[in-house]
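# Observations on the three-dimensional arrangement
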Amino acid sequence: SDVYKRQVSTQSTWGYQKIYFRYKNQKMESIQVGQELPVATLTVVQRQNGEWTRNTVSTSELFQNRCVLVGYPGAFTPTCSGTHIPEYIAQAQQFKERGVERIYAFAVNDAFVLQAFANSLNADETVAFIADGNGDYTRQLNLGCDLSEKQLGYRCRRFSAIIENNKLVQLNDENSPAMTDTSRAQTILDQLSK
């Protein structure tokens, strides 16, 4: 195929494409409801006492209490900036009232970009941003997508999830970078109310 030829021909120049190609063609099932999340170390960007912090934390610590994980393709992209993540920020208090300790916005971006993104959205302390810079954790969850045609490479696809005690309780997977009601804040709020 054209994708195969393009990626193989650029392997020697762009080493990451060889790794990406291997993941792209693996038939892996995404994480399922009831399963424990894989353990990894990620960078978390959050506002604490009015200041932005970047800390490296184990997912076993992040996901030990009831939280919501929101996957999105990337910082500063139109839907992520204009609708998807702002909805979660605007409704953060409602999530808290339903027993959610923290909302985590999760993307394949570096921590510095996510800090600028969070700051641009005026995110408060109830929403933290997880940087999966190399996309390794996204691959472990098998919740990624190929956006190479848009010059974005391997990214997280759009989803929302409820996690309790490091276990996946609910997964609303768009199976693409597009947004429908599936991963919107109101959908997961309704699920939390049941």
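First, a word on what this report is: a plain description of the structure on this page. (Residues numbered from 1 in each chain as written. Predicted model: local features only at pLDDT ≥ 70, side-chain atom pairs only at ≥ 80, totals over all residues. Heavy atoms only, no water.)

### Comments concerning the overall build of the chain
Across its full length, the chain carries eight helices and nine strands. Here the chain holds 194 residues, and 47% of them are scored as buried. Here the analysis covers contacts within the chain between residues at least 6 apart in sequence; of these, 65% occur between residues at least 24 apart. Of the accessible surface of the chain, which amounts to about 9,900 Å², a share of 45% is contributed by carbon and sulfur atoms. (Helix = DSSP H or I, 4+ residues; strand = E, 2+ residues; numbered from the N terminus. Buried < 20%, exposed > 50% of the residue type's maximum accessible area, 1.4 Å probe, protein only. Contact = heavy atoms within 4.5 Å. Areas by Shrake-Rupley, 256 points an atom, 1.4 Å probe, with all protein chains shown as cover.)

### Considerations on helix α8 (residues 185–193)
All of the buried residues along α8 are A185, I188, L189, Q191 and L192. Looking straight down α8, one finds its buried side chains confined to an arc of 160°; they lie on one side. Packed against the buried residues of α8 are β3 (67–71), α4 (78–90), α5 (92–97), β8 (159–164) and β9 (167–173). (Arc of directions from axis to C-beta.)

### Observations concerning the nonpolar core
Ranked by size, the top nonpolar core spans 30 residues in total, and within it F95 and F129 carry the most contacts. Mapped onto this core, the elements with two or more residues apiece are β3, α4, α5, β4 (102–107), α6 (111–120), β5 (127–131) and α8. Core analysis: the second largest hydrophobic core is formed by 24 residues, L69, A128, F159 and L171 among them. (Core = buried A, V, L, I, M, F, W, Y, C linked by side-chain atoms within 4.5 Å.)

### Examining the sheet that holds strand β1 (residues 41–48)
Taken in spatial order, the seven strands line up as β2-β1-β5-β4-β3-β8-β9 in an open sheet, and their pairing is mixed. Bordering the open sheet on either side are β2 (51–58) and β9, each of which pairs with just one other strand. In this sheet, adjacent strand axes meet at a mean angle of 25° when their direction is disregarded. Relative to β9, β8 runs antiparallel, the two sharing six bridges. The residue of β9 that forms the bridge with S160 is N172. Running over the sheet, α4 touches β3, β4, β5 and β8 and is turned about 165° from β3. (Pairing = 2+ DSSP bridges. Axes fitted to C-alpha atoms, helices over the stretch in contact; angles between N-to-C directions.)

### What about the pairing of β8?
Where burial is concerned, most of β8 is hidden: five out of the six residues are buried. Of the pairings in the sheet, the one linking β3 to β8 comprises five bridges and is antiparallel in character. The residue of β8 that forms the bridge with L69 is A161. Remark: two residues form the turn of the hairpin made by β8 and β9, two consecutive strands paired antiparallel; N165 in that turn has positive phi of roughly 50°.

### Let's talk about unusual backbone geometry
The phi torsion at F76 lies on the positive side, around 70°, for a residue other than glycine. Looking at where F76 falls in the secondary structure, it is placed in the loop between β3 and α4. The phi angle at N122 is positive, at roughly 55°, despite the residue not being glycine. The class for N122 is exposed, based on a relative accessible area of 60%.

### Here we look at empty space enclosed by the protein
Inspection of the entire model under this criterion finds one cavity of 30 Å³ or more. Reported here for the largest cavity is a volume of approximately 40 Å³. Contributing elements (two or more residues each) for the lining of the largest cavity: β8 and β9. Here the lining of the largest cavity is composed, by residue class, of 10 nonpolar, no polar and no charged. (1 Å grid on protein atoms, 1.4 Å probe; cavity = no way out; pocket = protein on both sides within 12 Å on 5 of 7 lines; lining within 4 Å. Points joined across faces, edges and corners; volume = space filled by probe spheres on them. Nonpolar A, V, L, I, M, F, W, Y, C, P; charged D, E, K, R; others polar.)

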